[in-house]
Amino acid sequence: MRGRGGARGSRTPSAPWSRLKPVDLDPLEAIGLPSKGDSRLLDFKTQERYYTKIVERYMTFCSDAGERDELLRRFASLNLSSNSNESPLVKSATNASFPDPSGVSMTPASISNNTKGLSDVLSALRKLREGIVASKRVDDFAIQVYLFCIRLSVLVKHPESYHPAILHLLRRIHPLHSMTSVEMSEVVGYLILDTACRRNNLAEAFTLRHKYHLRDAKIDAVLDALAHDNYIEFNRLKRRVDGHKAKLLEYAEEGIRKHLLKCFGRAYLNVDLDFLEKCADSKWANLTADDGVGWELDGAKVVIRKVKAR
């Protein structure tokens, strides 16, 4: 008869002994940067599967936001580190349209729960873009990824991502595998508006328009408004362009509005408050707090300068 020791010795463990729980890796975080030695994204099929996961995560982020205003708020509240090198854009692999709410390095402290999904998408797009560059891929898929990266980075106003992506798309990919005329106009339009509004270089913006033969009446009107410091026309155009271009126009908004206020200061002794707020497209409280307006408010009138008694 076997004793307890024999019975115990013949027992086979039902599962491997381990105190560690299996790690549930995020599929977007499971793959590292090609520049850091992870070569998995050099494979074309892996790139396409990874891209599909990115698209799914982005669509989840948009659906979780629900209302358009909440989606806009989440885009605006995303804090991106300025130390990133590159970024990205796409059409869907199935040519699905993405919701338009009109190389990114993230620091955990700057990412809220509401925007983590978007920050994960941006980080994953940087990895995918590095893989495309390293594998020297030049085809429709590469154009899709770059377009998606550019559009998304423009919406979160991260020039460290969209600007190099635009240049690579125009200088490296397009000469070897052409974009459609619509895509070309879109990308060139972003580059021109970024040059004029963020970089404040109107001469180069006009040069780019001539170089790429862009014919876009709204962009022409924006450049004209900037050249003449016409804030009222600029603000009207900002409401007429699409959400991506409107984000780029925001870079120039503060400077041209301050020029308008300086013109008021030189031309008027006093002005109606409603007229001033309408022209500046800003309330009195914002003008004093954000734009440094030091004029006096006297009822419904704004006293700009007082005539000195002789």
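**Q** I'd like a rundown of unusual backbone geometry, residues and numbers included.
**A** Backbone geometry at Lys157 places phi at a positive 55 degrees, although glycine is not the residue there. The phi torsion at Asp281 lies on the positive side, around 50 degrees, for a residue other than glycine. When you line up the elements, Asp281 lands in the loop between helix 12 (273-280) and helix 13 (284-290). Of the residues examined, Asp281 reaches a relative accessible area of 36% and is grouped as partly exposed.

**Q** How would you summarise the pattern of salt bridges if you had to cite specific residues and measurements?
**A** Inspection of every chain in the model, using the stated rule, returns 19 salt bridges. Note that Asp242 and Lys245 form a salt bridge whose closest N and O atoms lie 3.3 Å from each other. Note on Lys245: relative accessible area 11%, which makes it buried. Between Lys258 and Glu254 there is a salt bridge whose closest N-O contact spans 3.2 Å. Of the two residues, Lys258 and Glu254 are both situated in helix 11 (residues 243-267); the distance of four residues between them amounts to about one turn of the helix.

**Q** An account of the sheet that holds strand 2 (residues 296-298) is needed here, citing residue identities and associated values.
**A** Here we have three strands laid out as an open sheet, ordered 1-3-2, and antiparallel in their pairing. Two strands lie at the open edges of the sheet, namely strand 1 (270-272) and strand 2, each paired on one side alone. Pairs of neighbouring strands in the sheet enclose a mean axial angle of 30 degrees, with direction left out of account. With three bridges connecting them, strand 1 and strand 3 (residues 301-303) associate as antiparallel partners. Its bridge partner being in strand 3, Asn270 is matched across the sheet by Val303. Across the sheet, helix 12 lies against strand 1, strand 2 and strand 3, angled at about 80 degrees from strand 1, the strand it touches most.

Reading the values: the criteria
Residues numbered from 1 in each chain as written. Predicted model: local features only at pLDDT ≥ 70, side-chain atom pairs only at ≥ 80, totals over all residues. Heavy atoms only, no water. Helix = DSSP H or I, 4+ residues; strand = E, 2+ residues; numbered from the N terminus. Buried < 20%, exposed > 50% of the residue type's maximum accessible area, 1.4 Å probe, protein only. Salt bridge = Lys/Arg side-chain N within 4 Å of Asp/Glu carboxyl O. Pairing = 2+ DSSP bridges. Axes fitted to C-alpha atoms, helices over the stretch in contact; angles between N-to-C directions. Contact = heavy atoms within 4.5 Å.

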